[in-house]
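# Working through the structure, step by step
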Amino acid sequence: LRVPPRREFRLEALVDIMEGRIRVHAHSYRSDEILMLMRVAERFGFKIDVFTHVLEGYRVATEMAQHGAAGSTFSDWWQYKREAFDAIPHNATIMQQHGVLAGINSDIPWLQSFMHLEIAKPVKYGGASQLEALRMLTLNPARMMYIDHKVGSLEEGKDADVVLLTASPFDSYARVEKTIVDEIGRAHV
């Protein structure tokens, strides 16, 4: 009785990357690692779709744009560890100005509830418009995940969870008045 060869899941994943069935989102901080990974991808014929955290994206924004990579970064977190020492609060706006699809993220659970306060930072630090900054939190991340046909903006036919604030999201005194999840008829306050 012959035993079939063992599946090589890691190699199967690499084939899926090479053939475009798996999109690559790469965790990164520093410009040297961002450049290195783009060079590896270009050498082997695949693409990095999104760099996550990408704190030094501002240094290699032109190269990221040429590669076609997006950047999802923190709004203004830096110097909390060695890899983050050269991060700047202008990062998202600089990447966007160079043609990189830029988004604001956080992997800190308590901060995720306050992301509406984070979007004012690209406006203050980088001179982004309020609409550009709002898109960095809503539509741009949806584009990065290829789900913008379903979420990311308020349009007919899209799914949406909506937060109603007492003031503009760029007003630091704005508070959440109501959150609508799944359907308007099923609002959770």
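For the structure itself, consult the block above.
In this report, we go over the structure that sits alongside the text. Given the structure is predicted, the values throughout are model-derived calculations rather than measurements.

### Digging into the overall build of the protein chain
Helices and strands together make up the secondary structure of the protein chain, namely nine helices and seven strands. The C-alpha extent of the protein chain, read off along each of the three principal axes, is 65 × 45 × 30 Å. Here the protein chain holds 189 residues, and 34% of them are scored as buried. Long-range pairs, those at least 24 residues apart, make up 50% of the contacts in the protein chain with a sequence separation of at least 6. By element, 55% of the accessible surface of the protein chain is carried by carbon and sulfur atoms, the whole surface being about 11,800 Å².

### Here we look at the nonpolar core
Ranked by internal contacts, the top residues of the largest apolar core, which has 16 residues, are Ile34, Met38, Ile48, Phe51, Val54, Met64 and Met95. Elements with a minimum of two residues in this core: β1 (24-28), α2 (31-44), β2 (48-53) and α3 (61-67). Here the element with the most residues in this core is α2; it accounts for four residues. Dropping the residues within four chain positions of it, Met64 is found in contact with Ile34, Met38, Phe51, Val54, Gly57, Ala69, Ala70, Gly71, Met95 and Val100. Grouped together as the second largest cluster of nonpolar side chains are six residues, Ala92, Met115, Ala128 and Met136 included.

What counts, and at which threshold
Note on numbering: residues in each chain are counted from 1, in written sequence order. At least 70 in pLDDT is required for a residue's local features to be given in this predicted model, at least 80 for side-chain atom pairs to be given and counted, and no such filter applies to totals for whole chains, interfaces and linings, which use all residues. The side-chain figures draw on all heavy atoms in the structure; neither hydrogens nor water molecules are used. Put simply, DSSP marks the helices as runs of H or I at least four residues long and the strands as runs of E at least two long, and each gets a number from the N terminus on. When accessible area is computed with a 1.4 Å probe and restricted to protein chains, residues below 20% of their type maximum are described as buried, those above 50% as exposed, and intermediate ones as partly exposed. We call two residues in contact whenever any of their non-hydrogen atoms come within 4.5 Å of each other. Here the Shrake-Rupley method, with its probe set to 1.4 Å, supplies the accessible areas, and only the displayed protein chains count as covering residues. The term nonpolar core refers to a set of buried residues drawn from Ala, Val, Leu, Ile, Met, Phe, Trp, Tyr and Cys, joined through side-chain atoms within 4.5 Å.

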